[in-house]
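Residues per chain, in single letters:
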Amino acid sequence: MASTMPLHLALLLYLLVSPAAAGACAGEKFPAGKTYETCEDLPKLGASLHWTYDASKNTLSMAFVAAPAASNGWVAWGLNPTGEGMAGAQALVALKGSGSSALTVKTYNITGYVPLGGASTPIAFPATDLAADAGSGGKIRLYSKLQLHKGMKAVNHVWQVGSSVTGGAPDKHAFGADNLASKSKLVLAGKAPASSPAPAPAPEAGSGGSDSGAASQVAPSAGKSASAAAAAGVSAPALLALALVGFLAMV
Ligand SMILES: *[C@@H]1O[C@H](CO)[C@@H](O)[C@H](O)[C@H]1NC(C)=O
């Protein structure tokens, strides 16, 4: 009988090494009919983006999930085809309609740091299937399908959360560090690259080898690099395998 200790260790390693699989986005359960090929936990504001890009039609079906800054606040996500910040963003905003608790989605062509009105403005990417619902933990989930431009392969995107709504319009959001850094690049073409490898823990033993950098680039099939690979930190796949062994041991 295997002791339970390795299982716990394996689970711990799995959680440490596989933030994407263990992260919020992978566990999101959407209503029937809403499924997305890719999900990405966004680096700021606890938000995530779920999406499917149909390259033959240039359509992006997406769900953006984030908690508003306060319970009667708003969440927003947008593509910025002309810049990397808020100005120029073609945004979708989910908020409660005035005098109602139902969530609605509005579109805004954001021209700069100017107050938004209560009415949608036209955006560069025709948006259909606009909808929003309440997720777990006070989160709002914003859905849409955007008609992108032919040939788009990667596009800047931005997201934001706010704490209040006045007259059906999202009020100004906070300008904290995370609010200002909530932007990234969305890679549409092909499979999105796996999130950058988890930083390997600094090797504690056997790290003195002057050729460890070169050795780590050698294909795993080269037997003599095995010890160097071990010294450079166990690979994520190896830990994942270990974790799976742990799961199997439990069954
Ligand atoms: C968005 O606003 C900019 C600046 O006013 C304007 O040039 C652009 O045509 C607008 N886009 C749409 C789709 O209306």
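Look up: the structure comes first, before these words.
Everything numeric in this text was worked out from a predicted model, so none of it was measured. (Residues numbered from 1 in each chain as written. Predicted model: local features only at pLDDT ≥ 70, side-chain atom pairs only at ≥ 80, totals over all residues. Heavy atoms only, no water.)

## Details of the sheet that holds strand S7 (residues 127-134)
- Taking strand neighbours across the sheet as the criterion, the five strands line up as S1-S2-S3-S8-S7 in an open arrangement whose pairing is antiparallel. Because the sheet does not close on itself, it has two edges, and the strands there are strand S1 (38-41) and S7. Taking the axes of each pair of neighbouring strands and ignoring which way they run, one obtains an average angle of 15 degrees across the sheet.
- With four bridges connecting them, S1 and strand S2 (residues 48-54) associate as antiparallel partners. Residue pairing in the sheet places Cys39 in a bridge with His50 of S2. (Pairing = 2+ DSSP bridges. Helix = DSSP H or I, 4+ residues; strand = E, 2+ residues; numbered from the N terminus. Axes fitted to C-alpha atoms, helices over the stretch in contact; angles between N-to-C directions.)

## Observations regarding the sheet that holds strand S4 (residues 74-80)
- Read across the open sheet, the five strands follow the order S6-S5-S4-S9-S12; overall the sheet is antiparallel. Two strands in the sheet have a free side with no partner beyond their single neighbour: strand S6 (103-109) and strand S12 (183-187). The average undirected angle you get between the axes of adjacent strands in this sheet is 25 degrees.
- Relative to strand S5 (residues 90-96), S4 runs antiparallel, the two sharing five bridges. When the bridges of S5 are listed, Trp77 appears paired with Leu92.

## A look at the pattern of salt bridges
- In total, this model carries five salt bridges according to the counting rule given.
- The salt bridge partner of Lys44 is Asp178, with a shortest N-O separation of 3.9 Å. Taken as a pair, Lys44 in the loop between S1 and S2 and Asp178 in helix H3 (residues 177-180) lie far apart in primary sequence, 134 residues in all.
- For Asp178, a relative accessible area of 37% translates into the label partly exposed.
- One salt-bridge network, in which partners are shared between bridges, spans Glu28, Asp133 and Arg141. (Salt bridge = Lys/Arg side-chain N within 4 Å of Asp/Glu carboxyl O. Buried < 20%, exposed > 50% of the residue type's maximum accessible area, 1.4 Å probe, protein only.)

## Description of the packing of aromatic side chains
- Applying the stated rule across the entire model yields three aromatic pairs.
- When the ring of Tyr113 is compared with that of Phe175, the centres are 5.8 Å apart and the planes differ by 50 degrees; the resulting orientation is tilted. Remark: Phe175 occurs in the loop between strand S11 (169-170) and H3 and Tyr113 occurs in the loop between S6 and S7; sequence separation between them is 62 residues.
- Overall, the relative accessible area of 55% leaves Tyr113 in the exposed class.
- We classify Phe175 as partly exposed; its relative accessible area is 40%.
- The structure contains a cluster of three or more aromatic residues connected by ring pairs, namely Phe30, Tyr36 and Tyr143. (Phe/Tyr/Trp six-rings, centres within 6.5 Å; stacked < 30°, edge-to-face > 60°.)

## Observations concerning unusual backbone geometry
- The residue Leu45 is not glycine, and still its phi comes out positive at about 65 degrees.
- Although it is not a glycine, Asp129 sits at a positive phi angle of roughly 55 degrees.
- Mapped onto the fold, Asp129 is located in strand S7.

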